[in-house]
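# Inside the fold
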Amino acid sequence: MNRFIHRLATRLRSKKKGVSKSNADEPDLKLISEQLDRQKAFYENILNKLPTDIAVFDSEHRYLFVNPGAISKEEYRKYIIGKDDYEYAVYRNRDISVAHSRRAKFLEARESGKEIRWEDSLTDPHGNVITHMRRMFPVYDEKGELSQVIGFGIDITDRKIMEEKQAALVKQLSANNAQLIDFCSIVSHNLRAPLVNISMLVDFIEASADPAEQKMLIGKLRPVIDNLHATFNELVESIQVRQDLEVQREQVCLEACMKRTVDGLQTEINRLDAHIETDFSAVSVIEYPPQYLNSIIHNLVSNSLKYHYPGRKPLISVRTEKAGDNVILSVSDNGLGIDLVKHKENFFKIGKVFHRHPNAKGFGLYMTKTQVEAMGGRIWVESVPNEGSVFFIEFANRIKQAS
Amino acid sequence: MKSIFLIDDDPIFVYLTRRIIASTNCPCEINEFTDGELALDYLSKMREKAELLPDVIFLDLSMPVMDGWEFLKEYDLLKPNIKKEISLYIVSSSISPQEVERSKSYTVVADFLIKPVERGKIVEIMTGVSETTP
């Protein structure tokens, strides 16, 4: 812009001189010059006030113009004219990689002859991530030669944050939907199955004329009804966990939590001669709803006992470690293990059972997962069949230093 | 003598199904498997012994270790090597249309039966088998 105006002014001046009307022309020339200055100021003002960063390059990627949106300090703005990004990076003592990526974009626009668009993010001195939508396009003169390349960027940080929020919301919704499908499946399989049995048994009882047989069939109703009852209670409980967003967190001492679990499972521990070791030296207290934490630890330890390797004394280790701001609780055992290649996808799903065990109902891990995820944590497992399993639970940002 | 395999982990349902089959008075032999893996192991081992293979399989979907879907996936691969024509019926307490739809992607599945299965349907299957088996 500057150059163009300058050139025009010079040309006008020389034209006037050529005609050589000398003094009479002087006021005219001054007027034109003033007009040009006003116009220059007018356009510059627009470019400088636009809440956008603008840079104009020559065909070799040297700066012809930048506005304060792009470089706020006037001193730097002046320096950069006629220089490229490499020289500017050296001048400002900055990372040269930015110059590399900008050069690549410039070449892309120049070679393709078309407008290109991209987004880039950088972290400002306050640690906020600022995202720009950038465009660059070549401009050709009347002869079809590349005269300049114009680049501009708009701050789309707000839009980006909104998009991220939406993405998180979509993720949450898909998770809810997956839970709903799980729920339908449990209603269909685990609730309907005992109902079908009850109704079939009643049909047989009605059809039978033999009191002894009727009595025998009635006897078969009891376990079915108990099963229905248990399933129903588990379901109600899992729904309560999901909906109880206000559940009270407390400082829960892991040692005390562990003692409850061991006390509750003492008969089984004695029977199997299991050895349980704990190490809560890294983190001894977790802020969590106590009933959830009790249930999580109880479920995992009781699973380790239930799925012990026949003839091998169960060795269970429960420990905590720090992972950044989070706490990881792990429960490892030397039990049956699980074929994760086969079962990876179904691992924590409701009603999934991996071993031929009379008391395996597929609720424990589903419930544990629910109690972990409702509080923003995550659960995963590592296992080798016939060697053992390690369950990990990461508690989100709930660290409380042990004193 | 027809041979029937019941692949289902629910002992009450298996007991009741046995009674229904018995009440049809069709002479038959019933074998039970409490999960897909046990049944698959058997079928795989006996695949060339037609006399030890079933005429009909009633397959539950929700089972421990290897569920009905996992069984179907393996059975589909095994089928060409099985030296007998076997009719396989899914017998599930599920009323989910998605599961019914999913079962249609398996050509080895003759039908999707929703529990409780009526006696009439069992008779139909048993007599159907009688006609097609020499």
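Quick notes on the rules
- Residues numbered from 1 in each chain as written.
- Chains lettered and ligands numbered in written order.
- Predicted model: local features only at pLDDT ≥ 70, side-chain atom pairs only at ≥ 80, totals over all residues.
- Helix = DSSP H or I, 4+ residues; strand = E, 2+ residues; numbered from the N terminus.
- Contact = placed C-beta atoms within 7 Å.
- Buried ≥ 20, exposed ≤ 12 C-beta atoms within 10 Å, placed from the backbone.
- pLDDT = per-residue confidence, 0-100.
- Core = buried A, V, L, I, M, F, W, Y, C linked by C-beta atoms within 7 Å.
- Pairing = 2+ DSSP bridges.
- Axes fitted to C-alpha atoms, helices over the stretch in contact; angles between N-to-C directions.
- Expected span 1.5 Å × (residues − 1).
- Bend = angle between axes of the 7 residues up to and from the residue.
- Parallel < 35°, antiparallel > 145°, perpendicular 65-115°, else oblique.
- Left-handed = near helix turned anticlockwise from the far one by under 90°.
- Nonpolar A, V, L, I, M, F, W, Y, C, P; charged D, E, K, R; others polar.
- Right-handed = clockwise from strand over helix to strand, strands pointing away.

### Things to note about the overall build of chain A
When helices and strands are counted, chain A shows 12 helices and 13 strands. Of the contacts formed within chain A by residues at least 6 apart in sequence, a portion of 57% connects residues at least 24 apart.

### Observations regarding the overall build of chain B
Regarding its fold elements, chain B presents 5 helices and 5 strands. Put simply, chain B runs from its N terminus to its C terminus through helices and strands in the order β-α-β-α-β-α-β-α-β-α. For chain B, the proportion of its 134 residues judged to be buried stands at 36%. Considering only residue pairs separated by 6 or more positions, chain B has 75% of its internal contacts joining residues 24 or more positions apart.

### A short note on the interface of chain A and chain B
Taken together, the contact between chain A and chain B spans 20 residues of the former and 15 residues of the latter. Listed by contribution, the elements that provide at least two residues to the side of chain A that touches chain B are helix 6 (157-207) and helix 7 (211-243) of chain A. Broken down by element, the residue count for the side of chain A that touches chain B peaks at 12 residues, all from helix 6 of chain A.

### Some remarks on unusual backbone geometry
The residue after Lys115 of chain B, namely Pro116 of chain B, is reached through a cis peptide bond having omega -5°. Examined against the element boundaries, Pro116 of chain B turns out to sit in the loop between strand 5 (109-114) and helix 5 (119-132). Of note, Asn93 of chain A is a non-glycine position whose phi angle comes to about 60°, a positive value. Mapped onto the elements of the fold, Asn93 of chain A is located in the loop between helix 4 (85-91) and helix 5 (97-112).

### Focus: the confidence of the model for chain B
Residues shown with low pLDDT carry predicted positions that ought not to be read at fine detail. Residues and elements named next belong to chain B. Summing up the model confidence of chain B, the mean pLDDT is 89 and the portion of residues at 70 or higher is 96%. The secondary structure element of chain B with the lowest average pLDDT is helix 5, at 75, and the one with the highest is strand 3 (residues 56-59), at 96. Ignoring residues within four places in sequence, the model shows residues 130-134, a span with pLDDT below 50, making 1 contact including any to other chains. The ipTM value of the predicted complex is 0.85, and its pTM value is 0.60.

### Topic: the environment of Val56 of chain B
Secondary-structure assignment places Val56 of chain B in strand 3. For Val56 of chain B, a count of 22 C-beta atoms within 10 Å corresponds to the buried category.

### Quick word on the nonpolar core
Residues and elements named next belong to chain A. Ranked by internal contacts, the top residues of the largest apolar core, which has 29 residues, are Val252, Ile286, Tyr288, Leu293, Ile296, Val301 and Ile393. Listing elements by their share of this core, those giving two or more residues are helix 8 (254-264), strand 8 (285-288), helix 10 (290-306), strand 9 (315-323), strand 10 (326-332), helix 12 (364-373) and strand 12 (388-395). Tallying contributions element by element places helix 10 first for this core, with 6 residues. Leaving out residues up to four positions away in the same chain, Ile296 has contacts with Thr368, Gln371, Val372 and Ile393.

### Looking at the sheet that holds strand 4 (residues 129-140) of chain A
Residue and element names in this part refer to chain A. Pairing within the open sheet is antiparallel, and its 5 strands lie in the order 2-1-5-4-3. Where the open sheet ends on each side, the last strands, each with one partner, are strand 2 (63-66) and strand 3 (116-123). Taken over all neighbouring pairs, the strand axes of this sheet differ in orientation by 20° on average, direction set aside. Here strand 4 pairs with strand 5 (residues 146-155) via 9 bridges, running antiparallel.

### Quick word on helix 6 of chain A
Quick reminder: α-helices carry 3.6 residues per turn. Residues three or four places apart thus point the same way. The end-to-end C-alpha distance of helix 6 of chain A is 73 Å, a good match for the 75 Å that 51 residues give at a rise of 1.5 Å each. Taking the largest bend as the criterion, helix 6 of chain A deviates by roughly 40°, centred on Arg192 of chain A, and proline Pro194 of chain A comes between one and four positions later. Residues of helix 6 of chain A that are buried: Ile186, Ser188, His189, Asn190, Ala193, Pro194, Val196, Asn197, Met200 and Leu201 of chain A. Buried residues along helix 6 of chain A sit against helix 7 of chain A together with helix 1 (11-23) of chain B.

### So, the sheet that holds strand 12 of chain A
Residue and element names in this part refer to chain A. If you trace the 5 strands from one edge of the open sheet to the other, you get 7-9-10-12-11, paired in mixed fashion. Two strands close off the open sheet at either side, each with one partner strand: strand 7 (275-279) and strand 11 (378-384). Going across the sheet, the axis of each strand differs from the next one's by a mean of 15°, ignoring polarity. As paired elements, strand 11 and strand 12 share 7 bridges and run antiparallel to each other. From the neighbouring strand, Val381 faces strand 12, where its bridge partner is Phe391. Across the sheet, helix 12 is in contact with strand 11 and strand 12; its angle to strand 11 comes to roughly 140°.

### Describing the packing of helix 6 of chain A against helix 7 of chain A
Residue and element names in this part refer to chain A. Put simply, helix 6 and helix 7 touch, their axes get as near as 9 Å, and they point 160° apart. When the axis of helix 6 is compared with that of helix 7, the two are roughly antiparallel. Handedness of the crossing formed by helix 6 with helix 7: left-handed. Between helix 6, through Ile186, Asn190, Leu191, Pro194, Leu195, Asn197, Ile198, Leu201, Phe204 and Ile205, and helix 7, the contact on the second element is made entirely by Gln214, Leu217, Ile218, Lys220, Leu221, Val224, Ile225, Asn227, Leu228, Thr231, Phe232 and Leu235.

### Things to note about the pairing of strand 4 of chain A
Residue and element names in this part refer to chain A. Relative to strand 4, strand 3 runs antiparallel, the two sharing 8 bridges. Considered in strand 4, the bridge of Thr123 is made with Val129. With antiparallel pairing between neighbouring strands as the criterion, strand 3 and strand 4 make up a hairpin whose turn holds 5 residues, including Gly127 at a positive phi of roughly 90°. If you look at the hairpin formed by strand 4 and strand 5, you'll find 5 residues sitting between the two strands, and Gly144 has a positive phi there, around 85°.

### Observations concerning the packing of helix 6 of chain A against helix 1 of chain B
Look at helix 6 of chain A against helix 1 of chain B: their axes get within 10 Å of each other, and the N-to-C directions meet at 40°. Note that helix 6 of chain A runs across helix 1 of chain B; the crossing there is left-handed. Residues Asn197, Met200, Leu201 and Phe204 of chain A of helix 6 of chain A form the contact with helix 1 of chain B, whose participating residues are Ile12, Phe13, Leu16 and Arg19 of chain B. Here the residues of the contact of helix 6 of chain A with helix 1 of chain B sort into 6 nonpolar, 1 polar and 1 charged.

### Re the pairing of strand 5 of chain B
All names here are of chain B. Bridging between strand 4 (residues 87-92) and strand 5 involves 5 bridges; their strand directions are parallel. Looking across to strand 5, one finds that Leu88 is bridged to Val109. The parallel pair strand 4 and strand 5, bridged by helix 4 (residues 97-103), forms a crossover whose chirality is right-handed.

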